[in-house]
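Below are the chains, spelled out letter by letter.
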Amino acid sequence: MSLIFGTLASESAAASYDASKIDPALLARVLADPKAEYDVIVRSTADGLPGRADKAGKAVNAQGGKAKHALGIVGGASASIKGTHLLALTRSKLVDYVFSDDPFAISFDPAADAAKATATQATAINATRVWSELGVTGRGIAVAVVDSGIAAHPDLGSRIVAAVDFTTPCTVTPCPAPAVSLVPLGDPGGHGTHVAGLIAGDGTSSGGATTGVAPNANVVDVRVISASGTSNTSTVLRGLQWVLANRSTYNIRVVNMSLGRTPTTSYKLDPLATAVEVLT
């Protein structure tokens, strides 16, 4: 997806704002500290759907902010912008709504729930009956694991068919989609590999004793969580946007996100909910 942003900047402080076009929690923070910089997701007005990401970026730059990533999946763009300029941005006819680009903090402690693992998950949910009675094992489809990465593992073998990393900082605007690797890129945090095993592990390393739910499925590694266990909404959206664009290439039929954050707006406004609905 190409994205060309305008460069016209306005340094005038906002004398007023449109409270109906900004997340209330974000507005409260901006009013408390209007001189600070804020990471946001700006959604443009709905006319001319193919160009909404471009329109949002131009609106940001016209108010002295810096548009960063095209987020066509939600009709907008991510950006950083000073509080006073953000208030003025809400009055733009090009802008439909402004969200906070909320951070995620992910933690994973497999030891905490180790005592609960008294039966394999495949048996507990009757997946084994589905394999034997229906012959459905996930063969031929791919599951996109939007997480911290997937490390090479005997239980996944050659079924990690693609890997793409959205956590590497980008120094140019617009930021291009990262290159796709056909070999595993690793998993500094461990969470994504754990999740991929639950989904598609075939039990090779345990002699078949411990398997995933769909042991013949392929997996596509979409890394959106950094080595420190952090991410933000726009990074996750970029990952989901990539899945949408590449779903036919890898026959992606399922997307798994074992992550989340506290919603601050209605699901009808929330950009993550919007992206999930688009994928569905």
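Analysis parameters
- Residues numbered from 1 in each chain as written.
- Predicted model: local features only at pLDDT ≥ 70, side-chain atom pairs only at ≥ 80, totals over all residues.
- Heavy atoms only, no water.
- Helix = DSSP H or I, 4+ residues; strand = E, 2+ residues; numbered from the N terminus.
- Contact = heavy atoms within 4.5 Å.
- Areas by Shrake-Rupley, 256 points an atom, 1.4 Å probe, with all protein chains shown as cover.
- Core = buried A, V, L, I, M, F, W, Y, C linked by side-chain atoms within 4.5 Å.
- Buried < 20%, exposed > 50% of the residue type's maximum accessible area, 1.4 Å probe, protein only.
- Pairing = 2+ DSSP bridges.
- Polar contact = N/O pair within 3.5 Å; in protein donor to acceptor, adjacent residues only side chain to side chain.
- Phe/Tyr/Trp six-rings, centres within 6.5 Å; stacked < 30°, edge-to-face > 60°.
- Axes fitted to C-alpha atoms, helices over the stretch in contact; angles between N-to-C directions.
- Parallel < 35°, antiparallel > 145°, perpendicular 65-115°, else oblique.
- Nonpolar A, V, L, I, M, F, W, Y, C, P; charged D, E, K, R; others polar.

(A) Quick peek at the overall build of the protein chain. Scanning the protein chain from N- to C-terminus turns up 8 helices and 10 strands. Contacts in the protein chain between residues at least 24 apart in sequence constitute 76% of all its contacts with a sequence separation of at least 6. When the accessible surface of the protein chain is totalled, it reaches about 13600 Å², and 56% of it is carbon and sulfur.

(B) Spotlight on the nonpolar core. Core analysis: the biggest nonpolar cluster contains 26 residues, and Val220, Val222, Leu237, Leu240, Trp242 and Ile252 have the highest contact counts within it. Sorting elements by how many residues they give to this core places helix H7 (residues 233-250) first, with 6 residues.

(C) Structural view of the pairing of strand E1 (residues 37-44). The buried count for E1 comes to 6 of 8 residues, which makes it a mostly enclosed element. Pairing of E1 with strand E3 (residues 76-82) involves 7 bridges; the strand directions are antiparallel. Bridge assignment links Tyr38 to a residue of E3, and that residue is Ile81. Judged from the 5 bridges that link them, E1 and strand E4 (residues 95-100) form a sheet pairing that is antiparallel. Each bridged residue has a counterpart across the sheet, and for Ile41 the counterpart in E4 is Phe99.

(D) Local environment of the side chain of Ser148. Here Ser148 is to be found in the loop between strand E6 (142-147) and strand E7 (160-165). Polar contacts involving the side chain of Ser148 include one to the main-chain amide nitrogen of His191, which spans 3.5 Å. Ignoring any residue separated from it by four or fewer positions in sequence, one finds Ser148 in contact with Gly186, Asp187, Pro188, Gly189, Gly190, His191, Gly192, Arg223 and Ile225.

(E) Representation of the side chain of Ser100. Inspection of the secondary structure puts Ser100 in strand E4. Only 2.8 Å separates the side chain of Ser100 from the side chain of Asp102, close enough to count as a polar contact. In contact with Ser100, other than residues within four places in its own chain, are Asp23, Leu26, Arg29, Asp39 and Val40.

(F) Molecular detail of the packing of aromatic side chains. Following the criterion strictly, the structure yields 2 aromatic pairs and no others. With centroids separated by 4.9 Å and ring planes inclined at 50 degrees, the aromatic side chains of Tyr97 and Phe99 adopt a geometry described as tilted. Each member of the pair Tyr97 and Phe99 is classed as buried.

(G) View of the pairing of E3. By the criterion of burial, E3 is predominantly enclosed, with 6 of the 7 residues buried. In the sheet, strand E2 (residues 66-71) pairs with E3 via 4 bridges, with the strands oriented antiparallel. The residue of E3 that forms the bridge with Leu71 is Gly76. Here E2 hands over to E3 after 4 residues, with Gly75 in that stretch at a positive phi of 70 degrees.

(H) Looking closely at the sheet that holds strand E10 (residues 252-256). The parallel open sheet is built from 4 strands, whose spatial order is E7-E8-E6-E10. The open sheet has two free edges, formed respectively by E7 and E10, since each of these has just one partner strand. Adjacent strand axes in the sheet meet at a mean angle of 20 degrees, parallel and antiparallel pairs treated alike. Pairing of E7 with strand E8 (residues 218-223) involves 5 bridges; the strand directions are parallel. Along E8, the bridge assignment pairs Asp165 with Arg223. Packing against the sheet, H7 makes contact with E6, E7, E8 and E10, and its axis sits at approximately 155 degrees to E10.

(I) Region of interest: the packing of H7 against helix H8 (residues 271-279). Put simply, H7 and H8 touch, their axes get as near as 10 Å, and they point 10 degrees apart. When the axes of H7 and H8 are compared, the pair comes out roughly parallel. Residues Thr233, Val236, Leu237, Leu240, Val243 and Leu244 of H7 form the contact with H8, whose participating residues are Pro271, Leu272, Ala275, Val278 and Leu279. Broken down by class, the residue content of the contact of H7 with H8 amounts to 10 nonpolar, 1 polar and no charged.

In short, the description is geometric, and any link to function would need to be established separately.
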